[in-house]
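What follows is the residue order along each chain.
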Number of protein chains: 2
Amino acid sequence: MDKETLTTFLLNTNLVSLSAAQEIVRQFNHKIIPKNQFHLTAGKISDQYLFLEKGYMRTFAHDTEGNEVTTGFCSPGQIILEVSSFFNRTRSKENIQALTDCEGWYITYEQLNQLFHTLPEFREFGRWTLVKGFSELKNRMLLTITETAEERYAHLLKTNPGIFQQMSLKNIASYLGITDTSLSRIRKEFSKK
Amino acid sequence: MDKETLTTFLLNTNLVSLSAAQEIVRQFNHKIIPKNQFHLTAGKISDQYLFLEKGYMRTFAHDTEGNEVTTGFCSPGQIILEVSSFFNRTRSKENIQALTDCEGWYITYEQLNQLFHTLPEFREFGRWTLVKGFSELKNRMLLTITETAEERYAHLLKTNPGIFQQMSLKNIASYLGITDTSLSRIRKEFSKK
DNA sequence: GCCCCATCTTGCCAATTGGCAAGAAATGAA
DNA sequence: TTCATTTCTTGCCAATTGGCAAGATGGGGC
């Protein structure tokens, strides 16, 4: 149980000094989430700003017909939270579930604000995290409305092949915005090339 | 040329006091953007944190084949910037163009950071802005991958009918992720109901 | 080993969307 | 007004994706 990975992560952003990183890291608490358990459940207020050290998670919501839709995928080395719920203190519409046994470090909303207040460097880090998440979502949005399902599949396969080891094809299909039937067919066509 | 709308906007968030709002507003500079002119051009670094007081704008990017894709729509009373470019000081991939004669108030990146540094209340406001943009994009993403083009059209018509007065159907089509031909057909079907 | 259950694939057909080109309608300039 | 240009609609057909149900596959428990 050491926080080296988190410290390295903070330092690699080039936004926080070593001494600041150490002070930040001191606040984080250890967390273990066994496979299939939830880090966050829809209806609750997201209150943990989590750094995922080991394992994989997915986020999912429900569409207007009540079907489960995978909205995101979390790999080790990422900050994980439901932004809107966490910062607005509102009930989350999303669930965050462990796909494998997971391990990480978290602080509460209270602790985060305390750190934001006392450490400008951590504020910078927090902003960087938000901006990064925002940009990635924007890229995904552009791909989604401009490319075909097959192109989106190819793109995912190229940029994030690891997903296919962790998440069922059904979940990947809903993440891509298609049915599992279509994904299966696309994979068949794709493997011929 | 007065900044009342901006002041009201700040106060309505319930995040800034009147005295803080007045101090913030003092920093903003007036800006006029005639119809069809660009507020931001792809390749440039977004350096204006703009409050749009009058007029409408759209943001657009280019897909992998080089086609123009409308990625967003800006109405009066919104903060307008290319988040990633502005905060990371990187070249924007997006353009922001006036659809009508526009008028607003802006501060530079430099000024924004100065205000963030001296006024915690403005930091709160800045965070609120980012979180709001993020949540809206997430909602749009969920709609995009779960609903049909017709449902997305109906949704847009319901939540933002004003767009249809400002933006061409071709631009609205690319915003919805379909061709103008399909949108035309969808509108025809839709008007029968 | 065997069975059960969830996941994945496939076949059939329908619905949605795209591509292209021609024509209609609206807009703007002179 | 007239003309030119852009925008929008429509017809035809092809490609993509969905819905459903049956069958194949594979992993976990006993």
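Our subject in this report is the structure included herewith.

### A few points about the relation of the copies chain B and chain A
In step 1: The transformation that overlays chain B on chain A combines an axial shift of 0.0 Å with a rotation of 180 degrees, and the residual RMSD is 0.0 Å. Taken together, the rotation and translation relating the two chain copies correspond to the operation of a two-fold axis.
In step 2: In this assembly the copies share their binding face: 100% of the residues contributing to the interface of chain B also contribute to that of chain A.

### Quick look at the environment of serine 174 of chain B
Residue and element names in this part refer to chain B.
In step 1: With respect to the secondary-structure elements, serine 174 resides in helix α8 (residues 169-176).
In step 2: It is 9.6 Å that separates the C-alpha atoms of serine 174 and asparagine 67, two residues lying 107 residues apart in sequence.
In step 3: Apart from residues no more than four positions distant in its own chain, serine 174 is found in contact with Glu68, Val69 and Thr70.

### Observations regarding the protein's contact with DNA strand C
In step 1: The environment of DNA strand C is made up of 16 residues, and the closest members are Leu169 and Ser184 of chain A together with Ala149, Ile178 and Ser182 of chain B.
In step 2: Every element with two or more residues in the surface near DNA strand C is listed here: α8 (169-176) and α9 (180-192) of chain A together with α6 (149-159) and α9 (180-192) of chain B.
In step 3: Ranked by residue count, the leading element in the surface near DNA strand C is α9 of chain A, at six residues.
In step 4: Tallied by class, the residues present in the surface near DNA strand C amount to three nonpolar, seven polar and six charged.

### What about the protein's contact with DNA strand D?
In step 1: Around DNA strand D lies a shell of 16 residues, among which Ala149, Ile178 and Ser182 of chain A together with Leu169 and Ser184 of chain B are the nearest.
In step 2: At the level of elements, α6 (149-159) and α9 of chain A together with α8 and α9 of chain B are the ones that each hand at least two residues to the surface near DNA strand D.
In step 3: Among the elements that line the surface near DNA strand D, the one with the most residues is α9 of chain B, at six residues.
In step 4: For the surface near DNA strand D, the class distribution of residues is three nonpolar, seven polar and six charged.

Thresholds, definitions, all that
Residues numbered from 1 in each chain as written. Chains lettered and ligands numbered in written order. Predicted model: local features only at pLDDT ≥ 70, side-chain atom pairs only at ≥ 80, totals over all residues. Least-squares fit on C-alpha atoms with pLDDT ≥ 70 in both. Contact = placed C-beta atoms within 7 Å. Helix = DSSP H or I, 4+ residues; strand = E, 2+ residues; numbered from the N terminus. Near = placed C-beta within 6 Å. Nonpolar A, V, L, I, M, F, W, Y, C, P; charged D, E, K, R; others polar.

Remember, this is a structural readout, not a statement about activity or role.
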